[in-house]
Amino acid sequence: MSGGSRGIGLAIAVALAERGANLVLLAKTDDPDPRLPGTIHTAVAEIGGAAGREGAAVGVVGDLRSDDDIARLVATAGDRFGGIDVCVNNNASVLSTIPTAEITMKRYDLTQQVNTRGTFALTKACLPHLERAEQGRVVTLSPPLNLSPDWLGRYPAYMLGKYGMSLLTMGFAAEFADLGIAANCLWPETTIATAAVQNLLGGDEATAHAREPQIMADAAAVLLAQPLSVTGRCFLDAELVRAAGVADLGPYGGQDPIDYDLFVDPPA
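The sections below set out a description of the structure shown in this document. (Residues numbered from 1 in each chain as written. Predicted model: local features only at pLDDT ≥ 70, side-chain atom pairs only at ≥ 80, totals over all residues. Heavy atoms only, no water.)

## Overview of the overall build of the protein
Step number 1: When helices and strands are counted, the protein shows ten helices and six strands.
Step number 2: Judged by the C-alpha coordinates and their principal axes, the protein covers about 45 × 40 × 40 Å. (Helix = DSSP H or I, 4+ residues; strand = E, 2+ residues; numbered from the N terminus.)

## Remarks on the sheet that holds strand β3 (residues 86–89)
Pairing between the strands of a sheet comes from backbone hydrogen bonds, and it takes one of two forms, parallel or antiparallel.
Step number 1: The strand order across the open sheet built from four strands is β3-β4-β5-β6, with neighbouring strands paired in parallel fashion. Each edge of the open sheet carries a strand with a single partner, namely β3 and β6 (234–236). Pairwise comparison of adjacent strand axes, ignoring direction, gives a mean angle of 25° for this sheet.
Step number 2: By the bridge criterion, four bridges tie β3 to strand β4 (residues 136–140) in an arrangement that is parallel. Bridge pairing in β4 places Cys-87 opposite Val-138.
Step number 3: Contacting β3, β4 and β5 (181–187), helix α4 (residues 105–132) crosses the sheet at an angle of about 175° to β3.
Step number 4: Contacts between helix α9 (residues 214–224) and the sheet are confined to β3, β4, β5 and β6, with β5 contributing the most and set at about 160° to the helix. (Pairing = 2+ DSSP bridges. Axes fitted to C-alpha atoms, helices over the stretch in contact; angles between N-to-C directions. Contact = heavy atoms within 4.5 Å.)

## Observations concerning a nonpolar patch on the surface
Step number 1: A cluster of nonpolar side chains, namely Leu-145, Leu-147, Leu-152 and Leu-167, defines an oily patch on the protein surface of about 350 Å² accessible area.
Step number 2: By secondary structure assignment, the location of Leu-145 is in the loop between β4 and α5 (149–154). (Patch = residues over 30% accessible without salt bridge, like charges linked within 9 Å, V, L, I, M, F, W, Y side chains within 5 Å. Areas by Shrake-Rupley, 256 points an atom, 1.4 Å probe, with all protein chains shown as cover. Salt bridge = Lys/Arg side-chain N within 4 Å of Asp/Glu carboxyl O.)

## Considerations on the packing of α4 against helix α6 (residues 156–175)
Step number 1: For the pair α4 and α6, interaxial distance at closest approach is 8 Å and the crossing angle is 10°. Here α4 is positioned roughly parallel relative to α6, judged by the angle of their axes. Mapping the contact onto sequence places Tyr-108, Thr-111, Gln-112, Asn-115, Thr-116, Thr-119, Phe-120 and Thr-123 in α4 and Ala-157, Tyr-158, Leu-160, Gly-161, Lys-162, Gly-164, Met-165, Leu-168 and Phe-172 in α6.
Step number 2: The class makeup of the residues in the contact of α4 with α6 is eight nonpolar, eight polar and one charged. (Parallel < 35°, antiparallel > 145°, perpendicular 65-115°, else oblique. Nonpolar A, V, L, I, M, F, W, Y, C, P; charged D, E, K, R; others polar.)

## Things to note about the environment of Phe-81
Step number 1: Looking at where Phe-81 falls in the secondary structure, it is placed in helix α3 (residues 67–81).
Step number 2: Its relative accessible area of 27% is what places Phe-81 among the partly exposed residues.
Step number 3: Along the chain, Phe-81 and Gly-55 lie 26 residues apart, while their C-alpha atoms are 10 Å from each other.
Step number 4: When sequence neighbours within four positions are dropped, the list of residues in contact with Phe-81 reads Asn-22, Leu-23, Val-24, Gly-55, Ala-56, Val-58 and Thr-76. (Buried < 20%, exposed > 50% of the residue type's maximum accessible area, 1.4 Å probe, protein only.)

## Here's the deal with the state of the cysteines
Step number 1: The tally for this structure, following the rule as stated, stands at zero disulfides.
Step number 2: Distance from the sulfur of Cys-126, which forms no disulfide, to the nearest cysteine sulfur (Cys-87) is 3.9 Å.
Step number 3: Cys-234 provides the cysteine sulfur closest to Cys-185, a residue in no disulfide bond, and the two sulfurs are 3.7 Å apart. (Disulfide = S-S within 2.5 Å.)

Here's what the structure looks like:
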């Protein structure tokens, strides 16, 4: 998993560990950041506690833009747990909701390097292990391709990074079909109460109208339980948990009016 030291990634990691998975995380947060909760070390401890066993998670401090760091991540998973069954992209995603006239080229490059290139590089590095797995899977946290001019034009640099992740994942699904590897995208229907929403999308007011990360964790678990024939699709979290029998999403939080996430159109 890229990222996973906090927020959605950590919630997914905890949920999978509770179901018996072992996790290897690549994240940059080695030391505490006053603006953000947790580090890769506190995440590893929390995942182990949730799983009820030490060693359920291993943290690799590194940068998704570094091929050497990705290689260390993959090697760690192979050495520690004997292989890789699931590649989870991209909790290390860069959020850049900045118009074209205002975004710097440095920020543009970071957005593409972490989002699209990071997804490609990590999946490519995991591929030899996924080919050997009984049920190899790729899960990418990226949105359905909503080609409404409204979404295409709000912040094209970020749109390109996130849609690029989705296109890559659908491409992987087609390319890897004969290898028995499923590849799908997962995206929140609503905003999720994370540090990114708190710091970048509106503070306390924004988080009040956002659901908790647990809905993404539960949705990821549902997605990974699907047969390998379910591939090349972009799912919303609410769609998956409802299909699993959760009729009331109220316990996941979010005051009315709920805030729908980027690239998701509210119901008509």
